[in-house]
Each structure stands twice: as C-alpha cells, then as structure tokens.
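Breakdown of the fold
Below are the chains, spelled out letter by letter.
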Amino acid sequence: MNLQNGFLLSYIKYGENDAVLHCFTEEEGFQSYFLKGVYSKKNKKKALLQPLNQLVFSVNPVKGNGIPSVSKFELIRNTDIDTDIKANTVIFFISDFLSHILRYENKNLQIYVEIEKLINELINRNYQAHILFLIAVLKIQGVAPLLNDGKFLDPETGTFSFTPTHQLFGEEISSVWKTALNAENFYTTKIHSSLRKDFLDSLLVYYHYHITDFKTPASLEVIQQIFE
C-alpha cells in the first residue's frame with residue numbers, strides 16, 4: 001500500500017456502490033483508481049467526490065490486469081469554495097478540460113503545482129483565473145506562442161504576424177495574449193469583461209491547433225453564461 005496525493009478530475013459510478021476515479025496525482029500523473037463501497041448508505045465519504053478536490057489516497061497494489069484500488073481516502077485541504085457559484089463553475093470547467101488533456105500525462109509537477117495556484121486564486125475570488133490557467137498550461141507544455149513585434153497572433157503557427165490571419169485574433173485579443181505571456185504572474189493580468197468571452201474562445205481555437213485530439217469542454221456554454 002502506498003499514499004498518493006492527487007486532484008480528482010472525474011469519476012464514474014460502477015455498479016450499485018462502487019466508483020472509478022480519474023485523478024491527476026503528484027507522483028504518477030494521471031491515474032484511475034477503483035473505489036469500493038463509496039455509495040453505500042453508511043459511507044459519508046462520497047461527499048468528498050467533488051471535482052478538483054485535493055485528496056490523499058491509500059492505494060493497494062494492482063492485481064492482474066486491473067486498475068489500482070483505494071482502501072481509503074481523505075481530503076487534504078478544505079477550501080470552502082463549493083458554496084461560491086462562480087468558483088464552482090470554474091472548477092467544473094477546468095476539471096472537464098483537464099480530464100481530457102491530461103489523460104495520457106505522466107508525472108508533471110509543474111501542472112500539479114499550477115492546479116494548486118488556480119485553487120488559491122479562486123479562494124481569493126479571482127474569477128478570470130481559469131482563462132489564465134489555460135495560458136499557463138500552454139507554457140508548461142511548451143506550445144505557447146512565441147513573442148515578436150507582430151500585432152496579430154496566428155493560432156496555427158503560434159507566432160505573431162503583422163497582418164491578421166484568423167477572425168478571432170484581432171489586435172485587441174492578440175494584445176491580451178501578449179500581456180499574459182509577458183506577465184511574471186499570469187494571474188495578475190487584467191482582462192476586461194467585454195473581452196473575456198472572445199479571449200477564452202481564442203484560447204480554445206489555439207488548443208485545437210496545438211494539443212492533439214483536443215475537444216472543447218462540454219461545460220463551456222455554462223461558464224460563458226455565468227460570466228456574461
């Protein structure tokens with residue numbers, strides 16, 4: 001048995017009382033765990049199965065070709081942001097996003113730490129943090145745009161040009177990209193409320209070009225409505 005710290009990304013109910021958890025762990029990256037009995041009437045731990053909850057798992061060795069099982073798990077940190085509707089919406093969007101792009105990711109301490117930073121920003125009510133988190137992930141993955149003197153970001157090449165190449169990447173949105181990429185701390189970047197929707201859309205377009213098999217998170221529509 002070993003202990004693993006990880007963020008819960010998603011889970012699937014299995015049978016009447018069991019579940020399969022998908023997590024991003026500090027030591028081993030993306031992992032799936034089998035959790036027995038969590039939906040039984042006497043088990044109060046199911047309340048901890050919330051997206052991006054940071055948990056410590058007691059993991060049993062794998063038997064045969066199965067997935068590791070969890071004998072018990074505990075909440076590492078109680079953030080109390082589950083009562084904040086905007087923060088909760090961000091959490092669901094980011095967990096949806098990470099469930100897709102991290103499913104083949106091995107240990108990556110930079111991403112793990114960045115998720116912790118995002119949670120801290122949400123605790124401090126920085127409701128645009130999810131947008132800037134997407135920029136941070138691009139930099140960690142080594143596919144962020146390269147800065148130069150151009151005024152228009154070309155999402156396909158990841159460079160700035162002197163003429164527009166995509167309707168979403170006008171001078172104003174491209175300027176926000178430059179500001180964020182130049183910032184020592186992404187999360188201090190101020191994005192005017194009138195630009196947030198288009199900027200997030202531009203980010204997703206960029207991900208489609210640079211992250212293999214990227215799919216737009218199903219929760220995008222909800223988060224766009226919340227922040228209109």
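What counts, and where the lines are drawn
- Residues numbered from 1 in each chain as written.
- Predicted model: local features only at pLDDT ≥ 70, side-chain atom pairs only at ≥ 80, totals over all residues.
- Heavy atoms only, no water.
- Helix = DSSP H or I, 4+ residues; strand = E, 2+ residues; numbered from the N terminus.
- Buried < 20%, exposed > 50% of the residue type's maximum accessible area, 1.4 Å probe, protein only.
- Areas by Shrake-Rupley, 256 points an atom, 1.4 Å probe, with all protein chains shown as cover.
- Lys, Arg positive; Asp, Glu negative; His and termini not counted.
- Charge placed at Lys NZ, Arg CZ, Asp CG, Glu CD.
- Domains from an automatic or database assignment.
- Buried area = accessible area lost by both parts, 1.4 Å probe.
- Salt bridge = Lys/Arg side-chain N within 4 Å of Asp/Glu carboxyl O.
- Nonpolar A, V, L, I, M, F, W, Y, C, P; charged D, E, K, R; others polar.
- UniProt positions renumbered as here; feature names shortened; annotations may be inferred.
- Contact = heavy atoms within 4.5 Å.
- Phe/Tyr/Trp six-rings, centres within 6.5 Å; stacked < 30°, edge-to-face > 60°.
- Pairing = 2+ DSSP bridges.

Looking at an unreviewed UniProt entry, one finds the chain named DNA repair protein RecO and attributed to Chryseobacterium arthrosphaerae.

**Re the overall build of the chain**
A tally of regular secondary structure across the chain gives 6 helices and 7 strands. For the chain, the sequential pattern of α-helices and β-strands runs β-β-β-β-β-α-α-α-β-β-α-α-α. The dimensions of the chain, computed from C-alpha atoms along their principal axes, are 60 × 35 × 30 Å. Out of the 228 residues belonging to the chain, those deemed buried represent 48%. When the accessible surface of the chain is split by element, carbon and sulfur atoms take 49% of a total near 12100 Å². Counting 22 positive and 25 negative side-chain charges, the chain places the centres of these two groups 10 Å from one another.

**Describing the domain arrangement of the chain**
Structurally, the chain comprises domain 1 (2-75) and domain 2 (85-227). Here the C-alpha centroids of domain 1 and domain 2 sit 28 Å apart. Around 1400 Å² of area is buried between domain 1 and domain 2 when both sides are counted, 71% of it from carbon and sulfur atoms. In this structure, the connection of domain 1 to domain 2 is made through 1 salt bridge. For lysine 107, the salt bridge identified is with glutamate 27, shortest N-O distance 3.6 Å. Elements represented by at least two residues in the side of domain 1 that touches domain 2 include exactly strand 1 (2-14), strand 2 (18-25) and strand 3 (29-35). For the side of domain 1 that touches domain 2, the element with the most residues is strand 1, which contributes 5 residues. Classifying every residue of the side of domain 1 that touches domain 2 by side-chain character gives 6 nonpolar, 6 polar and 3 charged.

**Considering the UniProt feature "domain: DNA replication/recombination mediator RecO N-terminal" (unreviewed entry) in the chain**
Mapped onto this numbering, the UniProt entry annotates "domain: DNA replication/recombination mediator RecO N-terminal" (unreviewed entry) at residues 4-77. Secondary structure content for residues 4-77 is 0% helix and 54% strand, while the C-alpha to C-alpha distance between its ends is 14 Å.

**Here we look at the side chain of histidine 22**
One can find histidine 22 in strand 2. When sequence neighbours within four positions are dropped, the list of residues in contact with histidine 22 reads Phe7, Leu8, Leu9, Ser10, Ile12, Phe30, Gln31 and Ser32.

**What about the packing of aromatic side chains?**
Scanning the entire structure with this criterion turns up 10 aromatic pairs. For the pair phenylalanine 97 and phenylalanine 214, a centre-to-centre distance of 6.2 Å together with 65° between the ring planes defines the contact as edge-to-face. Pair noted here: phenylalanine 97 is in helix 1 (residues 85-101) and phenylalanine 214 is in the loop between helix 5 (196-210) and helix 6 (220-226), with a separation of 117 residues, a long-range link. Consider the rings of tyrosine 207 and phenylalanine 214, whose centres lie 5.3 Å apart with planes at 35°: the pair is tilted. In this structure tyrosine 207 comes out as buried when scored by relative accessible area, which is 0%. In textbook terms, an aromatic cluster arises when at least three aromatic residues are bridged by ring pairs, as seen for Phe169, Trp177, Phe199 and Tyr206.

**Digging into the pairing of strand 5 (residues 69-75)**
As paired strands, strand 3 and strand 5 are joined by 2 bridges and run parallel to one another. When the sheet's bridge partners are listed, phenylalanine 34 is paired in strand 5 with serine 69. Pairing analysis gives 6 bridges linking strand 4 (residues 54-60) to strand 5, with the strands arranged antiparallel. Following the sheet pairing, leucine 55 is matched in strand 5 by leucine 75.

**Things to note about the environment of glutamate 114**
Relative to the assigned elements, glutamate 114 resides in helix 2 (residues 109-123). A C-alpha to C-alpha distance of 27 Å links glutamate 114 and leucine 168, two positions 54 residues apart in sequence. What glutamate 114 contacts, discounting residues up to four positions off in sequence, is Phe133, Ala136, Ile140 and Tyr187.

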